[in-house]
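Letter by letter, the chains look like this.
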Amino acid sequence: MKRIQYNNYGGPEVMRVEDFELRPPGNGEVAVRVKFAAINPIDWKLRGGQMKIVTGRTFPRAVGMDFSGIVTAVGAGVTRLQTGDAVFGLARFKESGALGQAVVTKEAFLAKKPDSVSFEDAACLGTPGITAWNGLIDKAKLQAGQHVFINGCAGAVGEAAVQIARLFGAVVSGSCSARDMDRAKSLGVQTVHDYRTMDLSTITTRFDVVYDTAATMTVSAGMAMLRRGGVYLDLNPGPGKFIRAIFDRRLKPVIGSPRADILEKLADAARENTFSLPIGEIVSLSAAVPLITELENGRKLGGKGIVAME
């Protein structure tokens, strides 16, 4: 088996496509032959050591969170999935490993792939969908008719948030670059602002939920956009924000927490063509490291970067 891994924390230069041995799945775990994997910013944040308090100092470490594939083995206690099932979902946060030919993850981090959804499209859904759902539904308790503002509504998490908000009957406004405004409107964003030319502090409308999916707003700016009882969702939390959130219920830091019930609802929405994310480019595993490097350095694809394992 081959996968992208690294032997010390650092920049893109530490990544290599190397051989590895897939461990057997343990209790509640599933082994999957990966068909496609999606690249996410969390991949280089983990590799750069930003989460080393969680990921530790054992090497080599694998790369990649989101994938689709075929179940090849199941561990004890697995009840929802069986060998041969087509699935999509996430690798374990601490271990990663989606950017490889096979991966072992928790059964709870997977859902069956709908027959009508391609493996490459399914690989895109995990992290953006989970992150958007964790914020809007788990944290903000979004209700039909509420008004939501999504900063970065044309990014992967932003697009996921727009679609999930619309599924729950919310009215959505947002900000993105001028080139992405038409796509945002096509997804159902009623009022779209160009973040490069618009000072968001001048927006007079007040919202029930403000979700900074671009992680570029200050807490004070986000709070200022809330109506009474509103919630500001922060995708770039730190210790200070967690402490502040204890005393100010308007602030809700968001950390992606995969659950099978969320993934199954995302699968249902994908089956009904009400939830999807665009693909920007598909490359082979041997070409994945250069693409990750380019994305980390700011290249824009207009969709997800996808790695094909076959």
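This structure is a prediction, so every number in the text was calculated from the model and none was measured. Within each chain, residue numbers correspond to sequence positions counted from 1 in written order. In keeping with the predicted nature of the model, local features appear solely for residues at pLDDT of at least 70, side-chain atom pairs appear and are counted solely at 80 or more, and the whole-chain, interface and lining totals rest on all residues. The basis for every side-chain value is the complete set of non-hydrogen atoms in the structure, without hydrogens or water.

S.K.: Teacher, can you tell me more about the sheet that holds strand β1 (residues 2-6) here?
M.R.: The strands making up a sheet are joined through hydrogen bonds of the backbone, oriented either antiparallel or parallel. If DSSP finds at least two bridges between two strands, the strands pair. Starting at the N terminus, helices and strands are each numbered in turn, a helix being any DSSP run of H or I of at least four residues and a strand any DSSP run of E of at least two. The strand order β2-β1-β4 describes an open sheet built from three strands, whose pairing is antiparallel. The sheet is open, and its two edges are formed by β2 (16-19) and β4 (61-62), each paired on a single side. Note that β1 and β4 share two bridges and pair antiparallel. Looking across to β4, one finds that Tyr 6 is bridged to Arg 61.

S.K.: Which parts of the structure should I look at to understand the pattern of salt bridges?
M.R.: As a working rule, side chains carrying opposite charge can pair if their charged atoms are close by. Within this document, salt bridges are pairs made up of a side-chain nitrogen of Lys or Arg and a carboxyl oxygen of Asp or Glu, the two lying within 4 Å of each other. Taken as a whole, this structure holds 17 salt bridges when the rule is applied. With a closest N to O distance of 2.9 Å, Arg 259 and Asp 138 form a salt bridge. Placement of Arg 259 in the loop between β14 (251-253) and α9 (260-271) and of Asp 138 in helix α4 (residues 126-139) is noted, with a sequence separation of 121 residues between them. A salt bridge links Glu 281 to Arg 299; the nearest nitrogen and oxygen atoms lie 2.8 Å apart. Of this pair, Glu 281 sits in strand β15 (residues 279-284) while Arg 299 sits in the loop between α10 (288-296) and β16 (304-308), and the two are 18 residues apart along the sequence. On the accessibility criterion, Arg 299 (35% relative accessible area) is partly exposed. Among the charged side chains, a salt-bridge network with shared partners connects Arg 23, Glu 29, Arg 92 and Glu 95. The buried label goes to any residue with under 20% of its type's maximum accessible area, the exposed label to any with over 50%, and the partly exposed label to all in between, with areas taken from a 1.4 Å probe on protein chains only.

S.K.: Can you help me understand α4 in this one?
M.R.: Given 3.6 residues to a turn, an α-helix orients residues that are three or four positions apart in the same direction. Taking 1.5 Å per residue, 14 residues should reach 20 Å; α4 reaches 18 Å between its end C-alpha atoms and fits that length. Given a residue, its bend is the angle between the two axes fitted to the seven residues that end at it and to the seven that start from it. Helix geometry: α4 is bent most strongly at Trp 133, by close to 30 degrees. Counted residue by residue, α4 has 12 buried out of 14 residues, so it is predominantly covered. The set of residues buried in α4 consists of Gly 126, Thr 127, Pro 128, Gly 129, Ile 130, Thr 131, Ala 132, Trp 133, Asn 134, Gly 135, Leu 136 and Ile 137. Directly after α4, the chain includes Lys 141, whose backbone phi takes a positive value near 55 degrees. Expected helix span is given by 1.5 Å per residue-to-residue step, counting one fewer step than there are residues.

S.K.: Please clarify how the environment of Lys 252 should be interpreted in this entry.
M.R.: With respect to the helices, strands and loops of the structure, Lys 252 is situated in strand β14. When neighbours within four sequence positions are excluded, Lys 252 is seen to be in contact with Lys 139, Val 231, Tyr 232, Leu 233 and Asp 234. Should any heavy atoms of two residues lie within 4.5 Å, those residues are considered in contact.

S.K.: Could you clarify how one ought to interpret the packing of aromatic side chains in this entry?
M.R.: Aromatic rings from Phe, Tyr and Trp, taking only the six-membered ring of Trp, are treated as a pair when their centres fall within 6.5 Å; an angle between ring planes under 30 degrees marks them as stacked, one over 60 as edge-to-face, and anything in between as tilted. Tallied over the full model, the rule gives five aromatic pairs. With 5.4 Å between their ring centres and 80 degrees between their planes, Trp 133 and Phe 168 make a pair best called edge-to-face. Of the two residues, Trp 133 is situated in helix α4 and Phe 168 in the loop between α5 (156-167) and β10 (171-176); the sequence distance between them amounts to 35 residues. With relative accessibility at 30%, the residue Phe 168 sits in the partly exposed group. Each member of the aromatic cluster is reached from another via a ring pair, and the members are Tyr 6, Tyr 9 and Phe 59. For a lysine, the NZ atom is tested; for an arginine, the CZ atom; a charge sits over a ring if that atom is within 6 Å of the ring centre and within 35 degrees of the ring normal. Between Arg 3 and the ring centre of Phe 20, over which it is positioned, the NZ or CZ distance is 4.3 Å.

S.K.: Any chance you could explain the nonpolar core here in plain terms?
M.R.: Generally speaking, nonpolar side chains in soluble globular proteins are found buried as a group. The definition of a nonpolar core used throughout is a set of buried Ala, Val, Leu, Ile, Met, Phe, Trp, Tyr and Cys residues joined through side-chain atoms within 4.5 Å. Ranked by internal contacts, the top residues of the largest apolar core, which has 46 residues, are Leu 136, Leu 142, Cys 153, Ile 164 and Leu 233. Filtering out sequence-adjacent residues up to four positions away, Cys 153 remains in contact with Gly 158, Glu 159, Val 162, Gly 174, Ser 175, Cys 176, Ala 184, Val 189, Val 192 and Thr 213. Ranked by size, the runner-up nonpolar core spans 32 residues in total, among them Tyr 6, Val 34, Val 71 and Ala 288.

S.K.: Before we go on, may I ask you to explain the packing of α4 against α5 in this structure?
M.R.: The axes of two packed helices give the description: the angle between them and the distance between them. Relative orientation of the contacting elements α4 and α5 amounts to 55 degrees, with a least axis distance of 8 Å. Viewed along their axes, α4 and α5 adopt a mutual orientation that is oblique. Our pair here, α4 against α5, has a crossing hand that is right-handed. Between α4, through Pro 128, Gly 129, Thr 131, Ala 132, Trp 133, Leu 136 and Ile 137, and α5, the contact on the second element is made entirely by Ala 156, Val 157, Ala 160, Ala 161, Ile 164 and Ala 165. Following the grouping adopted for this structure description, the nonpolar residues are Ala, Val, Leu, Ile, Met, Phe, Trp, Tyr, Cys and Pro, the charged ones are Asp, Glu, Lys and Arg, and the polar ones are all others, Gly among them. The class makeup of the residues in the contact of α4 with α5 is 11 nonpolar, two polar and no charged. Working convention: axes come from line fits to C-alpha atoms, limited for helices to the stretch in contact. Angles between N-to-C directions cover 0 to 180 degrees. Roughly parallel means an angle under 35 degrees; roughly antiparallel, over 145; roughly perpendicular, 65 to 115; everything else is oblique. In this scheme the handedness of a crossing depends on how the near helix is turned from the far one: anticlockwise by less than a right angle means left-handed, clockwise means right-handed.

S.K.: In this structure, what is going on with the pairing of β10? I would like to understand it.
M.R.: Burial runs high along β10: five of the six residues are buried. Sheet analysis places strand β9 (residues 147-151) next to β10, joined by five bridges and oriented parallel. Bridge assignment links Ile 150 to a residue of β10, and that residue is Gly 174. A crossover links β9 with its parallel partner β10, the connecting element being α5, and its sense is right-handed. Of the strand pairs in this sheet, β10 and strand β11 (residues 189-194) are connected by five bridges, and their pairing is parallel. Across the sheet, residue Gly 174 finds its bridge partner in β11, namely Val 192. By convention a crossover is right-handed if, when the strands point away from the viewer, the path from the first strand over the helix to the second runs clockwise. Handedness of the crossover joining β10 and β11 through helix α6 (residues 181-187): right-handed.

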